[in-house]
Amino acid sequence: MGLEHAFGDSFITTQLDAVINWCRKNSLWPMPMGISCCAIEMMAFAGPRFDVSRFGSEVFRFSPRQSDVMIVAGTTTYKMAKVVRKIYDQMPDPKWVIAMGACTSSGGMYRTYSVVQGIDQFLPVDIYVAGCPPRPDNLIHALMTLQKKVQRGESRGSFPAYVGDQKLNQPQPLPVKAG
Amino acid sequence: MSNALVVEKLKARFGEKAVESQEFRDELTVVVPKETIVEVCRLLKEDPELQFDLLADLCGIDMYTPLKRFGVIYNLFSLKNKHRISIKTFVEEEEIRLPSVVKVWGTADWHERETYDMFGIVFEGHPDLRRVYLPEEFEYHPLRKDFPLMGIPGSLPLPKK
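Procedures and definitions
For every chain, the first residue of the written sequence is number 1, and numbering continues from 1 along that sequence. Lettering of chains starts at A and numbering of ligands starts at 1, both following the order in which they are written. Since the coordinates come from a predicted model, pLDDT governs what is reported: local features require at least 70, and pairs of side-chain atoms require 80 or more to be given and counted, while whole-chain, interface and lining totals use all residues. Segments assigned H or I by DSSP are reported as helices when at least four residues long, segments assigned E as strands when at least two residues long, and all are numbered from the N terminus. At least two DSSP bridges between two strands are required for those strands to pair. Angles run from 0 to 180 degrees between N-to-C directions of axes, and those axes are lines fitted to C-alpha atoms, restricted for helices to the stretch in contact. By the convention adopted here, residues are in contact when the distance between their C-beta atoms, placed from the backbone, does not exceed 7 Å. In the scheme used here, Gly and all other residues not listed as nonpolar or charged are polar, with Ala, Val, Leu, Ile, Met, Phe, Trp, Tyr, Cys and Pro taken as nonpolar and Asp, Glu, Lys and Arg as charged. What a helix is expected to span follows from its residue count: subtract one and scale by 1.5 Å. Three exposure classes are used, all based on how many other C-beta atoms lie within 10 Å of a residue's own C-beta (placed from the backbone): buried at 20 or more, exposed at 12 or fewer, and partly exposed between those limits. In this description, the arc belongs to the directions extending from the helix axis to the C-beta atoms.

Caption draft 1: Representation of unusual backbone geometry in the model. A:P94 follows A:D93 through a cis peptide bond whose omega is -10°. Mapping A:P94 onto the fold places it in the loop between α4 (78-89) and β3 (96-100).

Here it is in structure tokens:
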């Protein structure tokens, strides 16, 4: 009703990509990878007070096959890294990763042999959130920043990955054997 | 029940030399040779006057000394007498094995696995001595004093990016 009033008997032209990205960004389904205490803040982010459904991202899916964005919330140990990667690999393209909190982004206060010093060592991370743990507002801000990235069609994890105008990790041509 | 009674009972059974005891702020610590550890534990648990029926904790220590480098500490509690003591035993670095007390207290199972994981102390007679925390393929024992805090590069592989 609003749109008809504004545009009358006209029509809008746009790019198909832009429409698809607009749809995607307003219904990002998160995969809650709640590994430790940051997960509590992630729950508050989904709960009624902070209410992430205002940004179209309230449908937390505990199956990676139904989600677009993985929120890695918590200290990732070397033993857990394999599990996180396995779940990430099961998510369909296009996919995004939010590294929530100091531990996830850099190892945080756990500067020790058992903790991965930043999950970007084994995952392509799109957004880092500072804080120990970050407040739900920070995570909402991260989500809004991610929405801008999605609108631009950027993703580090999808294949081939797009960041800005750059295409990352493109399929390489097969080497041709001489002779 | 007093600490003196515990020491008296142990000395009566194992002899003066085999039981070394010290008291600090009313807490008794008994050091026994590793060969007798199962017998000592069984006596403390099954004696009707003592009844140390709860193994509150079992942990390892690394003294980082040439002799008696590694130790195992058993913290016992008697639910009936509301009394706490701890038992200590030491092993040499070359001969890093001692008998398991799983048959005395079933709860020792995971505690001994953890001690094995962190210090590499082998408990003979343990039903399933595997690592608890660290991956199976890890080759080191991280709570040893000669293990670097940040680990050994490449010892814990990450998935490919």
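There's plenty left to go through after this.
Caption draft 2: Broad picture of the sheet that holds strand β5 (residues 83-91) of chain B. Residue and element names in this part refer to chain B. With mixed pairing, the five strands of this open sheet are ordered in space as β1-β2-β5-β4-β3. Strands at the two margins of the open sheet, each flanked by one partner only, are β1 (20-24) and β3 (54-62). Averaged over all neighbouring strand pairs, the angle between strand axes comes to 20°, with direction disregarded. Pairing analysis gives four bridges linking strand β2 (residues 27-31) to β5, with the strands arranged parallel. Each bridged residue has a counterpart across the sheet, and for T29 the counterpart in β5 is S86. Each of β1, β2 and β5 is contacted by helix α1 (residues 3-14), which is oriented at about 15° to β2, the strand it contacts most.

Caption draft 3: Quick peek at the interface of chain A and chain B. Taken together, the eleven residues of chain A in the interface contact ten residues of chain B. Looking at the side of chain A that touches chain B, its residues break down into six nonpolar, two polar and three charged.

Caption draft 4: Structural detail: the pairing of β5(B). Inspection of the sheet shows strand β4 (residues 70-78) of chain B paired to β5(B) by nine bridges, in the antiparallel sense. Note on β5(B): the bridge partner recorded for B:S78 is B:H83.

Caption draft 5: View of α4(A). Residue and element names in this part refer to chain A. End to end, α4 covers 17 Å across twelve residues, agreeing with the expected 16 Å (1.5 Å per residue, within 8%). Listed in full, the buried residues belonging to α4 are A81, V84 and Y88. For α4, the angular spread of buried residues about the axis comes to 70°, placing them on one side. Within α4, the exposed residues directed more than 90 degrees away from the buried face are K86 and D89. Buried residues belonging to α4 abut β1 (30-34) and β2 (69-73).

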